[in-house]
Amino acid sequence: MSGSRLLDPATLAAIGDLALAARLAVEGMLVGAHASRRPGAGLEFTQYRSYQPGDDLRRVDWKLFGRSDRYFLRESETETSLTVRLVVDATASMGHAEGTLTKLDAARLLAAALAWLAARQGDAVGLWLLRDRALDALPPRRDHAHLHRLLHALERARPAGRWPAWPALEEIATGAPGRGLTVVISDFHEHAGEIGDALARLAALRHDVLALHVVGRHELEFPYEGAVAFEDLETGRRVEVAAARAGAAFRAASAAAREALRRELEGRGIQYARFAMHEPLDEPLRAALRARLGRS
């Protein structure tokens, strides 16, 4: 199986074993990452820094020196480890399906890969599943058994309800003290700005936040024909449109909404990356890893 196939959400979902899918996704991402010979590119698990007078020569990466003719030190896990908080939107809108894959399926694959990646780096990783106006929480830990509990919780998740009010999310903001990165995986389907408000509150509380925006291919391309009825999975509201007349306007409005969301979040100091559920996982994985290295 090629590296690109290892990163395809539909292929990974068909495996039926989330732990195996997560491991394959991380290994698939590294197929491309390890092709880079540039040290410190932010794609490998270990972080490097340039040698400085007085550093212990035993920490010099001599293999890297042989390739680059420059001295770099491999930093230890204790110097670079963080707390990674994964916040996964499991509300009803994440039940949107394209083929056999739902947005929640794509989000759970990405969250599982990020958890596997964090564990490989020695990071403590925790999970908050937001659904039905509540949340299921697994506070961050570093042991292997915890990783499998986290993956099992992701496997059991089913889309339901709406994004919870802020008081239900305060545990994310106040738990697991210390340096860390909060990764929010969501389709950003909201009714009164509640998701953006939650991320803004986290950022205001000095969390480093990465927003991974899950979008479907149909949202990007609007491939419909004839009369089409759309239903809001959280409210049940239905709208009927003529696809031929609505397509261009929908694509323009959808692109404008995504750009407005990106600008709003980045204006609050929140990193943003789009995750199209029909595309490989490598770019959102790399976005998370770049964010993680930027915070270490």
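Note that the structure is a prediction, hence the values are computed from the model and not measured.

Engineer: Any chance you could explain the confidence of the model for the chain here in plain terms?
Structural biologist: Low pLDDT marks regions whose predicted coordinates should not be analysed in detail. With 83% of its residues at a pLDDT of at least 70, the chain reaches an overall mean of 82. Here residues 32-45 scores under 50 on pLDDT; set against residues more than four positions off or in separate chains, the count is 24 contacts.

Engineer: Sorry, what's going on with the nonpolar core here?
Structural biologist: If you look at soluble globular proteins, the nonpolar side chains tend to sit buried side by side. Formed by 53 residues in total, the largest nonpolar core has its most connected members in Leu86, Val88, Leu114, Leu151, Leu154 and Ile185. Per-element accounting of this core gives the leading share, 13 residues, to helix H6 (residues 103-120). With near-sequence residues (within four places) excluded, Leu154 lies in contact with Leu18, Val88, Arg108, Ala111, Ala112, Leu127 and Leu129.

Engineer: How should helix H9 (residues 194-204) be read in this particular structure?
Structural biologist: Because the α-helix completes a turn every 3.6 residues, residues three or four places apart line up on one side. Extensive coverage of H9 is indicated by the burial of 8 of its 11 residues. For H9, every residue scored as buried is listed here: Glu194, Ile195, Gly196, Ala198, Leu199, Ala200, Leu202 and Ala203. Immediately downstream of H9, the backbone of Arg206 shows phi near 70°, a positive value.

Engineer: Can you help me understand unusual backbone geometry in this one?
Structural biologist: Excluding glycine, residues mostly carry a negative phi; peptide bonds, for their part, are mostly trans. One non-glycine residue, Arg206, lies in positive phi territory at about 70°. Tracing the backbone shows Arg206 in the loop between H9 and strand E9 (208-215). The exposure class of Arg206 is exposed, given its relative accessible area of 76%. Despite not being glycine, Phe222 has its phi angle at roughly 45°, a positive value. Among the secondary structure elements, Phe222 is positioned in the loop between helix H10 (217-221) and strand E10 (227-231). On the basis of relative accessibility, which here comes to 5%, the residue Phe222 falls in the buried class.

Engineer: Before we go on, may I ask you to explain the packing of aromatic side chains in this structure?
Structural biologist: The relation between two aromatic rings is expressed through the spacing of the ring centres and the mutual angle of the planes. Applying the stated criterion to the full structure yields 4 aromatic pairs. Ring centres of Phe222 and Tyr224 lie 5.0 Å apart, and the angle between their planes is 80°; on these two criteria the pair is classed as edge-to-face. Judged by its relative accessible area of 27%, Tyr224 falls in the partly exposed class. Summarising the aromatic geometry, the rings of Phe222 and Phe250 are spaced 4.8 Å apart at their centres and angled 40° between planes, so their arrangement reads as tilted. Pair noted here: Phe222 is in the loop between H10 and E10 and Phe250 is in helix H11 (residues 243-267), with a separation of 28 residues, a long-range link.

About the cut-offs
Residues numbered from 1 in each chain as written. Predicted model: local features only at pLDDT ≥ 70, side-chain atom pairs only at ≥ 80, totals over all residues. Heavy atoms only, no water. pLDDT = per-residue confidence, 0-100. Contact = heavy atoms within 4.5 Å. Core = buried A, V, L, I, M, F, W, Y, C linked by side-chain atoms within 4.5 Å. Buried < 20%, exposed > 50% of the residue type's maximum accessible area, 1.4 Å probe, protein only. Helix = DSSP H or I, 4+ residues; strand = E, 2+ residues; numbered from the N terminus. Phe/Tyr/Trp six-rings, centres within 6.5 Å; stacked < 30°, edge-to-face > 60°.

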